[in-house]
Amino acid sequence: MLKTNSFVGVLVHLALMGVIVAGLIFGFFYLYLPSATNHGETISVPKITGMQLPDAEAFLEEQNLRYFVNDSSYHPEYKPFEILTQDPAPGSKVKENRKIYISINMKNPPMIKMPKLIDGSVKNAELILKSYNLRRGKITNVPDLQHGAVLKQFVNGKEVQPGDQVPKGAVVDLHVGDGLGNTEFEVPDVVGMPLDEASVLLVGQKLQLGNIIYVSGSGKPDGTIIRQRPIADVKAMIRTGELVDLWVAGEEPVQGID
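Scope of this entry: the structure provided in the associated data block. (Residues numbered from 1 in each chain as written. Predicted model: local features only at pLDDT ≥ 70, side-chain atom pairs only at ≥ 80, totals over all residues. Heavy atoms only, no water.)

**A look at the environment of Leu180**
What counts here: Secondary structure counts use DSSP, requiring at least four H or I residues in a row for a helix and at least two E residues in a row for a strand, with both numbered from the N terminus. Here a residue-residue contact requires only that any non-hydrogen atoms of the pair lie within 4.5 Å.
Note on placement: Leu180 falls in the loop between β11 (171-177) and β12 (184-186). Measuring from C-alpha to C-alpha, the distance between Leu180 and Leu145 comes to 4.8 Å, with 35 residues separating the pair along the chain. Not counting the four nearest positions on each side in its chain, Leu180 is found in contact with Pro143, Asp144, Leu145, Arg239, Thr240, Gly241 and Glu242.

Pasting the structure below:
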């Protein structure tokens, strides 16, 4: 009888210990832990992109949130210290005191090496500038035989050479050849010459052949220059690279027939 009572007592004690342990587990996981971690209490992440960093800092503090700058870059179209990106995204549900990762726009642009635009076309220069995060500015046509070729490059009115340090996002102005030289001389007289000789003379003086108009019934030998524009005159001047139109006696040759 004593042994039976003793065994029952042990079972009762074990049951009591089990109840106590279960109560502790329940209290820790379902009462204390949720209270300590604000279980079930979330905050909707506000939109802070486009805000200035000081304003966003004060705003997040009011929302019981924090921030961390994990990246910065430079974009001239945005204000200094403007927030560019955020993570988590606006509207995401997070707990209080959550850290919001942001990237901001730098105040001063980083310096980069000026690329080589000289001798290339304007279109090619635009592609290169874009790849370097630079912007094309004013194009000024200047006298030069290289038509459409970039001759010089400027930043803030100062000529820069390839390899010089310039601010990222800078505006680059270009001087581009207009296909004409700046050397003036008297208009050569080619009237009365055969077309082939006149062509050699004009090209040799760095002039370009313009329109060639054939005139029948002029009474001059076929292939002879009977008129030119501009007209050769004592006071007539022409610049390197300009066009000279020619009128030629005879019928225009038919292409492709021997």
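**Things to note about the nonpolar core**
Keep this limit in mind: Side-chain atoms within 4.5 Å link the members of a nonpolar core, which is a set of buried Ala, Val, Leu, Ile, Met, Phe, Trp, Tyr and Cys residues. Classification of residues uses two cut-offs on accessible area relative to the type maximum, computed with a 1.4 Å probe and protein chains only: under 20% is buried, over 50% is exposed, and between them is partly exposed.
Residues Met114, Leu117, Leu134, Val166, Val172 and Leu174 are the most contacted members of the largest nonpolar core, which totals 15 residues. Every element with two or more residues in this core is listed here: α3 (122-131), β8 (150-155) and β11. Setting aside its immediate chain neighbours within four residues, Leu134 contacts Ile112, Met114, Pro115, Leu129, Val166, Pro167, Lys168, Gly169, Ala170 and Val172. Judged by nonpolar contacts, the second largest core, of 13 residues, contains Phe185, Val190, Leu207 and Ala236.

**Thoughts on the pattern of salt bridges**
Where we set the bar: A pair is scored as a salt bridge if a Lys or Arg side-chain nitrogen falls within 4 Å of a carboxyl oxygen belonging to Asp or Glu.
A complete count under the given rule lists three salt bridges for this structure. The salt bridge involving Asp119 is made with Lys116; its shortest N-O contact spans 4.0 Å. An identical accessibility class is assigned to Asp119 and Lys116; each is exposed.

**Section: the environment of Ala249**
As for its position among the elements, Ala249 is in strand β16 (residues 243-249). Assessed through its relative accessible area of 2%, Ala249 is described here as buried. In this structure, the C-alpha to C-alpha distance between Ala249 and Ile225, residues 24 residues apart in sequence, is 6.4 Å. With residues near it in sequence (within four places) discarded, Ala249 still touches Tyr214, Val215, Ser218, Lys220, Pro221, Asp222, Gly223, Thr224 and Ile226.

**So, the sheet that holds strand β13 (residues 208-215)**
Defined as follows: At least two DSSP bridges between two strands are required for those strands to pair. Geometry is summarised by axes, namely lines fitted to C-alpha atoms with helices restricted to the contacting stretch, and by angles between N-to-C directions that run from 0 to 180 degrees.
On the basis of which strands lie adjacent, the open sheet formed by three strands has the order β13-β16-β14 and mixed pairing. In this open sheet, the two strands that pair with only one neighbour each are β13 and β14 (225-229). On average, each strand axis in the sheet is inclined to that of its neighbour by 20 degrees, with strand direction left out of account. Two elements, β13 and β16, share six bridges in a ladder whose sense is parallel. Along β16, the bridge assignment pairs Ile213 with Trp247.

Everything listed here is a matter of geometry and, on its own, says nothing about what the molecule does.
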